[in-house]
Amino acid sequence: REIPREVRVVLEADAFESLLRHFSERSDMVSNMAVMSVGGFCRNCLAKWLVVSAREVARDSAVLGVESTWVDTLNRLGYEEAAESVYGVQIGEWKKRYQKKATDEEM
C-alpha cells in the first residue's frame, strides 16, 4: 500500500527535524567537514535548501494551498534565519563553540 502524499510529507518533516536534533546534539563530535566528506552535504547545505524550498512554496502557493499571508514570510526567509534553524543557534555562535580547522584528511 502506498503512503498518501500528505502523510509522507509529515513523515519526511519529522525525519528532517530528527536529523536537525541529532546534528544539534552531536555538534561537538560531528563537524561540517566530516558530514560533507561522508554524506556530500553539510548543515550549510540544509540551510540553503530550506531557503530554496521556501521560495518554491511561495511561488507555488496557490497550487499548494498555502495561505497568501505566508508568501511574504516565505520570500523573506534568508540564509541566516535558515541556518539558525538548522544549527539551533546563530551560526556565528555555533562556529565559536564547535568549528575547528579542517584537517588535511578532511580537505
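All figures in this text were calculated on a predicted structure; none of them were measured in a lab.

*Asks:* Mind showing me how you'd approach the packing of aromatic side chains here?
*Replies:* What describes a pair of aromatic rings is the distance from one ring centre to the other and the angle between the planes of the rings. Taken as a whole and judged by the stated rule, the model has three aromatic pairs. When the ring of tyrosine 87 is compared with that of tryptophan 94, the centres are 4.8 Å apart and the planes differ by 65°; the resulting orientation is edge-to-face. Judged by relative accessible area, tyrosine 87 falls into the buried class, the value being 4%. Residue class for tryptophan 94 comes out buried when judged on its relative accessible area of 3%. Through a chain of ring-to-ring contacts, three or more aromatic side chains come together here, namely Tyr87, Trp94 and Tyr98.

*Asks:* In this structure, what is going on with the nonpolar core? I would like to understand it.
*Replies:* Grouped burial of nonpolar side chains is what soluble globular proteins tend to show. Judged by nonpolar contacts, the single largest core of 13 residues is most densely connected at Leu46, Ala47, Ala83, Val86 and Tyr87. Among the secondary structure elements, those contributing two or more residues to this core are helix H1 (5-25), helix H3 (43-59), helix H6 (79-87) and helix H7 (91-98). Ala54, Ala58, Val71 and Leu74 belong to the second-largest nonpolar core, a separate cluster that totals five residues.

What counts, and where the lines are drawn
Residues numbered from 1 in each chain as written. Predicted model: local features only at pLDDT ≥ 70, side-chain atom pairs only at ≥ 80, totals over all residues. Heavy atoms only, no water. Phe/Tyr/Trp six-rings, centres within 6.5 Å; stacked < 30°, edge-to-face > 60°. Buried < 20%, exposed > 50% of the residue type's maximum accessible area, 1.4 Å probe, protein only. Core = buried A, V, L, I, M, F, W, Y, C linked by side-chain atoms within 4.5 Å. Helix = DSSP H or I, 4+ residues; strand = E, 2+ residues; numbered from the N terminus.

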